[in-house]
Structures are given as C-alpha cells and as structure tokens.
Amino acid sequence: SPTSSATASGGMSRIDRQVLSSNPLLEAFGNAKTLRNDNSSRFGKYIELQFGIEQFDSTTPPRIAGARIRTYLLEKVRIVSQHEGERNFHIFY
C-alpha cells in the first residue's frame, strides 16, 4: 500500500519519488548553455498533482496519487542552430 511504502522510505511514496525524479530528466531536455548562464532553462513546465485520501478522517493528510506534467519548449529553433558561444540542449551532449 502507498502508506507502508511511504513509511519504509522516509515518508515518501513511490509516486512521490517518481514525480521528484522526473525533474532532472526534464531539465536535460529543456536546459541549455547560453551566453549568460551555463544551465539556462529554455522551457516551461506545468505539474498538476493529483491527491487521494486513503482513510476518510481528519487525521490522515491527503497523499499524492498521481501527476500530469506538461512541458513547453520555449526555443524550438535552438535544436537546429545556436548563437556563437551557446550550445544546444544538454540532452544532446
């Protein structure tokens, strides 16, 4: 059950860990080296968290039951060309 797995792993369920671990992968696809910043975010993301209640009482807080992540690539042109001194998205290196 989500509660027992959350207790065994320091309060985080499998779903909690999956949502958090997706971020580095998204960053690799959406971050790039620019003239101003070596790790500049060139995308936006919207994370919709879905909560569920295991026990219907006031003492048990809702837990994450799932998530939907939408990403928006802000610089599609960066895939085919970059300015001098800049690089493509990190995933390509």
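Just so you know, these numbers come straight off a predicted model, no measurement behind them. For every chain, the first residue of the written sequence is number 1, and numbering continues from 1 onward in sequence order. With the structure being a predicted model, the display of local features is reserved for residues of pLDDT at least 70 and the display and counting of side-chain atom pairs for 80 or more, all residues being used for whole-chain, interface and lining totals. Only hydrogens and water are removed before side-chain values are computed, so all heavy atoms of the structure are retained for them.

Enquirer: I'd love a proper account of helix α2 (residues 14-30), names of residues and values included.
Expert: One turn of an α-helix holds 3.6 residues; hence residues three or four places apart share an orientation. Helix length check: α2, at 17 residues, gives a terminal C-alpha distance of 25 Å against a target of 24 Å (1.5 Å per residue), a fit within 8%. Every buried residue belonging to α2 is among Asp 16, Val 19, Ser 22, Leu 26 and Gly 30, and all of these are buried. The helix count covers DSSP runs of H or I at least four residues long, the strand count covers runs of E at least two residues long, and both are numbered beginning at the N terminus. A helix is expected to reach a length of 1.5 Å times the quantity of its residues less one. Burial status follows relative accessibility: with a 1.4 Å probe on protein chains alone, a residue under 20% of its type maximum counts as buried, one over 50% as exposed, and anything between as partly exposed.

Enquirer: Can you lay out the side chain of Asp 16 for me, pointing to particular residues and giving the numbers?
Expert: In this structure, Asp 16 sits in helix α2. A 3.5 Å cut-off defines polar contacts: any pair of N or O atoms within that distance qualifies, except that in protein one atom must be a possible hydrogen donor and the other a possible acceptor, and neighbouring residues in sequence count only when both atoms are side-chain atoms. A polar contact of 3.0 Å, which involves the side chain of Asp 16, links it to the backbone nitrogen of Ser 13. Residues are treated as being in contact if the distance between any of their heavy atoms lies within 4.5 Å. Not counting residues within four places of it along the chain, the set of residues in contact with Asp 16 comprises Gly 11, Arg 63 and Ile 64.

Enquirer: Talk me through the environment of Ser 13; I want residue IDs and the actual numbers.
Expert: Along the chain, Ser 13 falls in the loop between α1 (2-8) and α2. Looking at Ser 13, the relative accessible area reads 3%, which means it is buried.

Enquirer: Please provide a residue-by-residue account of the pattern of salt bridges, values included.
Expert: Salt bridges are defined by distance alone: a side-chain nitrogen of Lys or Arg within 4 Å of a carboxyl oxygen of Asp or Glu. For the structure shown, the criterion picks out two salt bridges. Two residues, Asp 16 and Arg 63, come together in a salt bridge whose shortest N-O distance is 3.2 Å. Here Asp 16 is found in helix α2, whereas its partner Arg 63 is found in strand β4 (residues 63-73), with 47 residues between them in sequence. Arg 68 is the partner of Glu 48 in a salt bridge, and the nearest nitrogen-oxygen pair spans 3.9 Å. Of this pair, Glu 48 sits in strand β3 (residues 43-52) while Arg 68 is found in strand β4, placing the two residues 20 residues apart along the sequence. Glu 48 sits in the partly exposed class, given a relative accessible area of 24%. Exposure remark for Arg 68: the relative accessible area of 39% places this residue in the partly exposed category.

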